[in-house]
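Overview (structure and organization)
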Amino acid sequence: MKRIISSVLVLGVCLTPLTVPLMVQPSWAQSQNAEVEKLKQLIEQAKQQTQQRQARQAIETWQQVIAIVRQFKEKEIEAIALNYIALNYSGLSQLQEALKYLKQALPIFREVGARGWEATTLGSIGLTYLGISQPQEALKYYNQALPIWRELGDNAREAATLNIIGLVYDSISQPQEALKYYNQALPIWRELGDRAREAATLRYIDEVNNRSQPPSRTNIPPIPQ
């Protein structure tokens, strides 16, 4: 399972919250400008703490962000903050805690129609399930993310998700199912001109094909006389 997670990270699948800029556009009255400024400062502080891997401090700051935005029913910002909290718990190897926050964020993104964030969160949940060695659960979430990336026309994330699904199927001894997904990802990487990820996908395909080939005659032990 560690190999799959490493491969996911090498693919650079952009499934973590940090890949999406956090924009604060609250529709609050002018009298609340002080709160808006405080919120912006807290968000910048929390993002810096996250980037600097100060996980516990970042979690505390994101919790302060959530306390403010809940007062004003800014649900999308709340869900983004929940995602960042999950990211920091993952950094602390507290994956069950990370799952708890991701699963709080997911229905909020669905409610507000933030499709990109919904797909990002689904991918993060999938990766977290891989981290706790539950590949079948991971597949459920990656298979929900895939059509959203297609709907959004995000070809890179679509191809990355196809590759991850292939890796998971390969890990649970379903190589032919894995090939279906690799072979869908390959032409997308070629169309995008991403030679590195094209090469990675070709390597995955070769690994499956090499395992499925019968042994050569030179590898067959002699028949005892």
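Just so we're clear, the structure is a prediction, and the values are computed from it rather than from any experiment.

1. Some thoughts on unusual backbone geometry
Not every positive phi belongs to a glycine, and Lys-73 is a case in point at roughly 55 degrees. Mapping Lys-73 onto the fold places it in the loop between α3 (55–71) and α4 (75–91). Look at Lys-73 and you get exposed, because its relative accessible area is 67%. In this structure, Ser-173 is a non-glycine residue whose phi angle is positive, near 60 degrees. Summarising the element assignment, Ser-173 is placed in the loop between α8 (155–171) and α9 (175–192).

2. Some details on helix α5 (residues 95–112)
A rise of 1.5 Å per residue sets the reference length of α5, with its 18 residues, at 26 Å; its end C-alpha atoms lie 26 Å apart and thus fit the reference within 8%. Residues Ala-98, Leu-99, Tyr-101, Leu-102, Ala-105, Leu-106, Ile-108 and Phe-109 constitute the buried set of α5. Elements in contact with the buried residues of α5: α3, α4, α6 (115–131) and α7 (135–152). Looking at the residues trailing α5, positive phi occurs at Gly-113, about 75 degrees.

3. A look at the pattern of salt bridges
Tallied over the full model, the rule gives 14 salt bridges. Where Arg-115 meets Glu-151, a salt bridge forms, and the shortest distance between an N and an O atom there is 2.5 Å. Residue Arg-115 is located in helix α6, and its partner Glu-151 is located in helix α7; the two are separated by 36 residues in the primary sequence. Overall, Arg-115 belongs to the partly exposed group, its relative accessible area being 29%. The residue Glu-137 makes a salt bridge to Lys-140 at a minimum N-O spacing of 2.6 Å. With Glu-137 and Lys-140 both in helix α7, this residue pair falls three residues apart, about one helical turn. The exposure class of Glu-137 is partly exposed, given its relative accessible area of 22%. You can call Lys-140 partly exposed: its relative accessible area is 48%. Among the charged side chains, a salt-bridge network with shared partners connects Arg-110, Arg-115, Glu-118 and Glu-151.

4. Observations regarding the packing of helix α2 (residues 33–51) against α3
With their axes 8 Å apart at the nearest point, α2 and α3 run at an angle of 155 degrees to one another. Relative to α3, α2 is oriented roughly antiparallel. Read as a crossing pair, α2 and α3 show a hand that is left-handed. Residues Glu-35, Lys-38, Leu-39, Leu-42, Ile-43, Gln-45, Ala-46, Lys-47, Gln-49 and Thr-50 of α2 pack against Gln-57, Ala-58, Thr-61, Trp-62, Gln-64, Val-65, Ile-68 and Val-69 of α3. Grouping the constituent residues of the contact of α2 with α3 by class yields nine nonpolar, six polar and three charged.

5. So, the environment of Leu-39
Here Leu-39 is to be found in helix α2. When the C-alpha positions of Leu-39 and Ile-66 are compared, they lie 9.4 Å apart, and in sequence the two are 27 residues distant.

6. Details of the packing of α2 against α4
In the contact formed by α2 and α4, the axes pass within 11 Å of each other and the chain directions differ by 25 degrees. On the basis of their axis angle, the class for α2 and α4 is roughly parallel. Crossing angle aside, the handedness with which α2 passes α4 is left-handed. On the side of α2, the interface is formed by Ile-43, Lys-47 and Thr-50, while α4 contributes Ile-77, Tyr-84, Leu-87 and Asn-88.

7. A closer look at the nonpolar core
Counting 63 residues, the largest nonpolar core has Trp-62, Val-65, Ile-85, Phe-109, Ile-125, Ile-165 and Tyr-182 as its most contacted members. It is α4 that provides the largest number of residues to this core, a total of nine residues. The residues contacting Tyr-182, other than those within four sequence positions of it, are Asn-163, Gly-166, Leu-167, Asp-170, Thr-201, Tyr-204, Ile-205 and Val-208.

Cut-offs used in this document
Residues numbered from 1 in each chain as written. Predicted model: local features only at pLDDT ≥ 70, side-chain atom pairs only at ≥ 80, totals over all residues. Heavy atoms only, no water. Helix = DSSP H or I, 4+ residues; strand = E, 2+ residues; numbered from the N terminus. Buried < 20%, exposed > 50% of the residue type's maximum accessible area, 1.4 Å probe, protein only. Expected span 1.5 Å × (residues − 1). Contact = heavy atoms within 4.5 Å. Salt bridge = Lys/Arg side-chain N within 4 Å of Asp/Glu carboxyl O. Axes fitted to C-alpha atoms, helices over the stretch in contact; angles between N-to-C directions. Parallel < 35°, antiparallel > 145°, perpendicular 65-115°, else oblique. Left-handed = near helix turned anticlockwise from the far one by under 90°. Nonpolar A, V, L, I, M, F, W, Y, C, P; charged D, E, K, R; others polar. Core = buried A, V, L, I, M, F, W, Y, C linked by side-chain atoms within 4.5 Å.

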